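# Descriptive analysis of the structure
Residue-level listing of the chains:
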Amino acid sequence: MQKQRLFIILFLINISVFCQQKTKRSLRKALQEIERTHKIKFSFSEETIQDKLIEINGENENLTSILSIIEQQTRLIIRKVNDRYYTITKPQGANMEVCGTIYDSKTKELLSNVSILHKTRGISTNESGFFKFKNLKYSDTLTVSYIGYKSVRKAVSDFKIKQCEVIYLEESSDVLNEIIISSYLTNGVVKKTDGSITLRPRKQGILPGQTEADVLLSAQQLPGVQSPIETASGLHIHGGTPDQNLVLFDGIKLYTTAHFFGSISAFNPYVVDNVTVYKNASNTKFGNHIAGVIDVATMQDVPERTQIGFGFNFTNFDIHSLVRVTDKIGAEISFRRSTSDIVNTPTFNTLSQKVFQNTIISEGETLSELPFVEDKNDVSFVDINSKVVYKPNESNKISLQQILIKNDLKYRLTNDQINDIRSDELKIENKGFGITWDKTWGKTLEQETNIYYSNYNLFYDGNIKRDDFIYDFTIKNNTIKDISFSSIIRKKISKKRSINLGYQYTYANVSYNLQKENKVISDEANQFDQQQNNAHTVLAEYVFKDSNKYNLHLGVRSSYLSLLKRFTFEPRLYGKLKVLPGFWLNASAELKQQNTSKVIEFFTSDFGLENELWAISNNDNIPLLKSKQGTLGVIYNRNKWLIDSEFYVKKIDGLTSLTTGFNSFRETIFNGNATIYGVDLLVKKDWNSIFSSWVSYTFGDASLFFNGFNNDKAFKGNFSISNSVYIAQQMSFRSWNFSLGWTWKTGLPFNGLVSLDPNNGLEIEQYNSTDLPSYHRLDASATYSFFWDKKKKVKSKIGISLINIYDQENVLKRVNEVTFDKDFNASINTIDTNAIRFTPNMVFRVEF
C-alpha cells in the first residue's frame, strides 16, 4: 500500500514538473537557467528581453534547438561570439513578415474583410480570414479592427517566425448585450433584444435571387414582410401599406426609396453599414407611422483605412469610396447610375415589360409596329450619397450626411399619319441633408441631436399636340418640404435600468397641383392643395433589462399637431422573458398615429404610372391615421435550431379610399377602417459551417370596412395574402456562395362577380370576393470572390442570379373596366397585371 502511495506521489510530482516545464515563463529566467545548465553567457540590453515570455519543452536539452525555439517565439536574433558568449539583439530594418487567421471568439467562424492596420498602411483578411503583412519592423504594432468587435493591438515581436498566429475577436459589449440571435436568416442578419432585426449588407450572406445585398429586397426575406406586387419598395409589414412605413437614411426621412418605379432599392448596399427593421413596438424616437420602420445607417466612425470599390450589374453601375482623411476625420461618397440608356440588357428588358404593362407606354410599343408610328422611351435613375464624420475626441462625434435619389422618364410617341405627337415626362426626386451630434457627457449620460431637411418632388407633364398645337395636356406636381430637429438624452440609472427623454420638432409643407384640359371637347379640371403642419413631440422611454434573462421597454410619445389642432398620445410596450435555456417569450402593445400618407388621384389614370400622391391629414376628407397593435411570440434558439413565431393583431382607423369605388367608375371618397391579424413563423437549421436551411410561413387576414361602400359589408383588403411559404437553402464553401429559394403564396383578391348596370357602369356584387391563382417561383444565386494579386490587396466578386427559373406565369392583379366598340356598345374588359418572368442578372465588382 505504501509503495502504491509512493508511486502516486512520484507520478504526480513528475506530472507537475512536466507541466511547469511546458508553462510559459519569462525569457530572463529561462536564459539564467540555460546559462547554468550549459555554462554559457548571454549579452543583451534590458529593453530587448523585457516582458518576453517563452515556452520550452523540458525534454529538449540540445542547446542549438533551445536557442532556435527562443528565436522563433520571440523573433530575437541570437548570435554566437565564441564557445562561451552569445549576443541577443532585436532585428533591424523593415523586412519582417507576419501572418495570421482571425476568428469570431464565440462562433469560431472565420472573419473576412477584417482590417489589419499599421500607421498609414493596411490590409484585410480574405474570405478564409487569413492575412499576411510584409515589410514590418520588430518594434511595430498592428491593430486588428472590425465593425462590431473589440479592436486588438498585437506587437510584431509577439508573432512567431514561420508560424501564423490565430487571433480571436470578441464582439463589443454593447453589441453582445443587444443581440439575441446572431445569424437570423444568414450571416449579417441579427435579431436584437428589443425585437428589431438588423441587416448588415457588408457581412450579409447571399440570398436567393440576389447577387448583391439589396437593402429593401433583403428585408422582404423576413417573416411578416411581403411585397404583393413584386417591387423592392412595396414593403407590406404586418398588413400595412408601404406609405405607412417610416424610412430613414442616416436620420433623414425619405418619401421615395426606389428606382424604376419600385423595382430597385435606392440605397447602394456597398455603403450601408446596417439596416434596422422594426415590425412592431418600434423605439419611441420613431414617429409619424403606423406600420414598420426601416432605419438605414452608413459609415458610423472614422474608417481605419481608405477603400475604393466599383462595379456593375445588368441594371446599373456604381463607384464608392471610404476615405480616412485624418485620425479624426473620415469621409464616404457613393455614386450609382442606371445603364439602360447606355446598353440594352435582358434584366432591364424584363423589368420594363413588367413595369410598363397596361400603361400608355405599352400601348405605344404596340402601335409602333405600324410603319407610320414611332416611339422612344428613355428611362434613367441616379443616387448619390455622401457623409463626413468628425470625431475630435472620444466624447464627441459630428456627422454631416447627404442623399439624392432621382428618377427620370421621357416618352415620345409620333404618329406621322395624323401628325400627332404624344409626350410624357416624369421626374421623381428626393434630396436630403442632415447633421448629427453624438455627445457623451459621462459614463452614464449620452445625448443624440439630429437636424435634417428632406425635399420630395414629383412632376409629370403629359400632352398631345397636332401641328405644334397642344390640344390635350395633364400636369401633376406633388411636393414635400420636411424640416426636423430632434434631441434625445439617454441616462443609465443602474446596470440594468436606463431612461431616455427627448424632444422633436417637425415642420412639414405638403402640396399638390393637378391640371387637366382637353381643348377638343372643352373639358377642363384642376385641383390644388397646400397644407403646413408644425409638430411638437415629447417622448420618454424606460428600459429595464438583463440581456440574459429579460428585457422591458416602456415608452410614450405625445405630440401636438398644429394643422389638426390636437394632441396625440402613443404608448408603446415591449417585453421579452427567458423561461428556459434557449427559450424566450415576447409580447408588445402599441398605439401609433400618422398624418402624411398617399392617396389616389385620377388625373393621370390614362398614363398608368404613379397615380398616387402624398397628402396630409386635414380634418376634412383625409383624417388622421390611427393604429392599435398587439403581438405575442416565442423564440427557440438551441443546438443550431432556430424557431421564431409571432401572432399579431392590428386595428387601423382613418383609412381613406380616393379610388373610383375600388375599381368601379364612381369617383367617390370613402372613409373606413381595417382589422388585420396574422401569424409569422421561421424555422432555421444550421447543419454545419457550410450549409443552412430555413422555412418561413406567414398567415394573414385583412378585413376592411368603409361606410357606404360594398353595402356596408366588410371585404378583403386589396393586398391581403392569406398564406405564404418560403423555403431557402444556403451554402458557403471557401470563396463560393450559393443560395436557392422557392416561394408559394395565395393570390390577391379581385372582384369576381361583375356586370354592367343600366348606365353602362360596373356593377360589382361583392368586392374582392375571389382570389387569383396561387403564386409561385424559384430563385437562385451564386457568387465567387477572388484576389487579383498575391498580396491580396485587390479583391473582386463575380456573381449571377436567376429569378423565376422555370418561367412561371403569375398574375399579380386583376381589374375590370368598361370599353366601347365603334358602335358604342359597352362590354367588360378584364385587365391582368402579370408578375416578372424569367430574369437573369449578374454582378462584377472590384474592391481595393
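The structure presented is a predicted model; accordingly, all values stated were derived computationally and were not measured.

Cut-offs used in this document
Residues numbered from 1 in each chain as written. Predicted model: local features only at pLDDT ≥ 70, side-chain atom pairs only at ≥ 80, totals over all residues. Heavy atoms only, no water. Helix = DSSP H or I, 4+ residues; strand = E, 2+ residues; numbered from the N terminus. Buried < 20%, exposed > 50% of the residue type's maximum accessible area, 1.4 Å probe, protein only. Contact = heavy atoms within 4.5 Å. Areas by Shrake-Rupley, 256 points an atom, 1.4 Å probe, with all protein chains shown as cover. Lys, Arg positive; Asp, Glu negative; His and termini not counted. Charge placed at Lys NZ, Arg CZ, Asp CG, Glu CD. Disulfide = S-S within 2.5 Å. Expected span 1.5 Å × (residues − 1). Arc of directions from axis to C-beta. Core = buried A, V, L, I, M, F, W, Y, C linked by side-chain atoms within 4.5 Å. Pairing = 2+ DSSP bridges. Phe/Tyr/Trp six-rings, centres within 6.5 Å; stacked < 30°, edge-to-face > 60°. Lys NZ or Arg CZ within 6 Å of the ring centre and 35° of its normal.

## Description of the overall build of the protein
In terms of helices and strands, the protein carries eight helices and 54 strands. Expressed as lengths along the three principal axes of its C-alpha atoms, the size of the protein is roughly 120 × 60 × 50 Å. Within the protein, the fraction of its 848 residues that count as buried is 50%. Within the protein, contacts between residues at least 6 apart in sequence are counted, and of these 62% link residues at least 24 apart. With the model as given, the accessible surface of the protein reaches about 40200 Å², and the carbon-plus-sulfur share is 53%. Charge-centre separation for the protein: the mean point of 101 positive side chains lies 14 Å from the mean point of 91 negative side chains.

## Notes on the state of the cysteines
In this structure the tally under the stated criterion is one disulfide. For Cys99, the disulfide goes to Cys164, at an S-S distance of 1.9 Å. Its S-S torsion of about -95° marks the bond between Cys99 and Cys164 as left-handed, since a negative value means left-handed. Of the two residues, Cys99 is situated in strand β6 (residues 96-104) and Cys164 in the loop between β11 (152-155) and β12 (165-169); the sequence distance between them amounts to 65 residues. The exposure class assigned to Cys164 is partly exposed, which follows from its relative accessible area of 35%.

## Some thoughts on the environment of Ile622
By the secondary structure assignment, Ile622 is in the loop between β38 (612-616) and β39 (625-638). Ignoring anything within four residues of it in the chain, the contact list for Ile622 reads Ala615, Ile616, Ser617 and Thr656.

## Notes on helix α2 (residues 27-38)
With 12 residues, α2 extends 16 Å between its outermost C-alpha atoms, agreeing within 8% with the 16 Å of an ideal straight helix rising 1.5 Å per residue. Listed in full, the buried residues belonging to α2 are Leu27, Ala30, Leu31, Ile34 and Glu35. The buried residues of α2 all sit within an arc of 140° when viewed along its axis, so they share a single face. Across α2 from its buried face, at more than 90 degrees, point the exposed residues Lys29, Arg36 and Thr37. Those residues of α2 that are buried lie in contact with β1 (25-26), β2 (41-43), α3 (46-49), β3 (53-54), α4 (63-74) and β5 (85-89). Directly after α2, the chain includes Lys39, whose backbone phi takes a positive value near 55°.

## Examining the nonpolar core
Tyr184, Leu222, Phe267, Val275, Ile294 and Val296 are the most contacted members of the largest nonpolar core, which totals 37 residues. It is helix α6 (residues 215-219) that provides the largest number of residues to this core, a total of three residues. Those residues in contact with Phe267 that lie beyond four places of it in its chain are Val215, Leu216, Val247, Phe249, Leu254, Thr257, Val272, Val296, Arg336 and Ile403. Formed by 36 residues, the second largest nonpolar core is a distinct cluster that contains Ile70, Leu111, Ile123 and Phe133.

## A closer look at the sheet that holds strand β15 (residues 197-199)
Strands sit in the order β13-β14-β15-β22-β23-β18-β19 across an open sheet of seven strands; the sheet is mixed. A strand with exactly one partner marks an edge of an open sheet, and here the two such strands are β13 (179-181) and β19 (252-253).

## Some thoughts on the packing of aromatic side chains
What the rule picks out here adds up to 25 aromatic pairs. Ring plane angle 40° and centroid distance 5.1 Å describe the contact between Phe544 and Tyr550, whose orientation is recorded as tilted. Between Phe709 and Phe715 the ring centres are 5.3 Å apart and the planes differ by 65°, which places this aromatic pair in the edge-to-face class. Under the relative-accessibility criterion, Phe709 is labelled buried at 1%. The structure contains a cluster of three or more aromatic residues connected by ring pairs, namely Trp736, Phe738, Tyr784, Phe786 and Trp788. A cation sits over an aromatic face here: Arg814 above Phe750, 5.0 Å from the ring centre. We note Arg845 situated over the ring of Tyr270; from NZ or CZ to the ring centre the distance is 3.5 Å.

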